[in-house]
Amino acid sequence: RFLNIMLVGIYGLEGLLLFLAGIEDVRKKEIRIIYIVAMGIVACVGCLFQQNHSWYGALGGALIGLCMLGISLLSEEQIGRGDGLVIAALGLFFGVRNTLGMVCFASLFMVPIALLIIVIKKEKKKIRLPFIPALFLGYVMTISIGGMS
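Just so it is clear, the structure is predicted and the values come from calculations on it, not from any experiment.

### Describing the packing of helix α1 (residues 2-28) against helix α4 (residues 81-121)
Right, so step 1: The N-to-C vectors of α1 and α4 enclose an angle of 175°; their axes lie 12 Å apart at closest approach. Here α1 is positioned roughly antiparallel relative to α4, judged by the angle of their axes. Every residue of α4 that contacts α1 at Leu 7, Ile 10, Tyr 11, Glu 14, Leu 18 and Asp 25 is listed here: Asp 83, Val 86, Leu 90, Phe 93 and Phe 94.
Right, so step 2: Across the contact of α1 with α4, the residue classes tally to eight nonpolar, no polar and three charged.

### Thoughts on the pattern of salt bridges
Right, so step 1: Taken as a whole, this structure holds two salt bridges when the rule is applied.
Right, so step 2: In this structure, Glu 24 engages Arg 32 in a salt bridge whose closest nitrogen and oxygen atoms are separated by 2.8 Å.
Right, so step 3: The buried category is assigned to Glu 24, whose relative accessible area is 7%.
Right, so step 4: A salt bridge links Glu 77 to Arg 81, with the shortest nitrogen-to-oxygen separation between them at 3.4 Å.

### Here's the deal with helix α3 (residues 55-74)
Right, so step 1: In this model, α3 (20 residues) spans 28 Å end to end at C-alpha, consistent with the 28 Å of a helix rising 1.5 Å per residue.
Right, so step 2: In this structure, the buried side of α3 is in contact with α2 (33-49) and α4.
Right, so step 3: Looking one or two residues past α3, Glu 76 carries a phi angle of roughly 55°, positive in sign.

Cut-offs and rules
Residues numbered from 1 in each chain as written. Predicted model: local features only at pLDDT ≥ 70, side-chain atom pairs only at ≥ 80, totals over all residues. Heavy atoms only, no water. Axes fitted to C-alpha atoms, helices over the stretch in contact; angles between N-to-C directions. Helix = DSSP H or I, 4+ residues; strand = E, 2+ residues; numbered from the N terminus. Parallel < 35°, antiparallel > 145°, perpendicular 65-115°, else oblique. Contact = heavy atoms within 4.5 Å. Nonpolar A, V, L, I, M, F, W, Y, C, P; charged D, E, K, R; others polar. Salt bridge = Lys/Arg side-chain N within 4 Å of Asp/Glu carboxyl O. Buried < 20%, exposed > 50% of the residue type's maximum accessible area, 1.4 Å probe, protein only. Expected span 1.5 Å × (residues − 1).

The following block contains the structure:
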């Protein structure tokens, strides 16, 4: 019972940090490192309270974010570095499967938004869209369909 209460609190705290980082991403198109560090610390603490959580899963989840960070560096930040770091931090706690689900849901949320902006703006130049708010929605969706294990 104590572990369940702690896990709900950790999921809530991670969600709150992600929500606040999303607001900052929308306003400034960047995320302060304090959010990423806090998410990483909370994720590490959360790993201690999960019963069926392996360190392999944690490292795999983080690796997804680190791959995105690598893509960011290779693509001259077509994907923000902060996005990759946030995914890596959340991946520690979420594991591989849930991290992939979260990123897929976030991407699905971004497709209609991106298409709408392209149609409305009718510009060819690069448009920077904040991804963290979509990641928050993906986080909520993943938890809602059973990601809290």
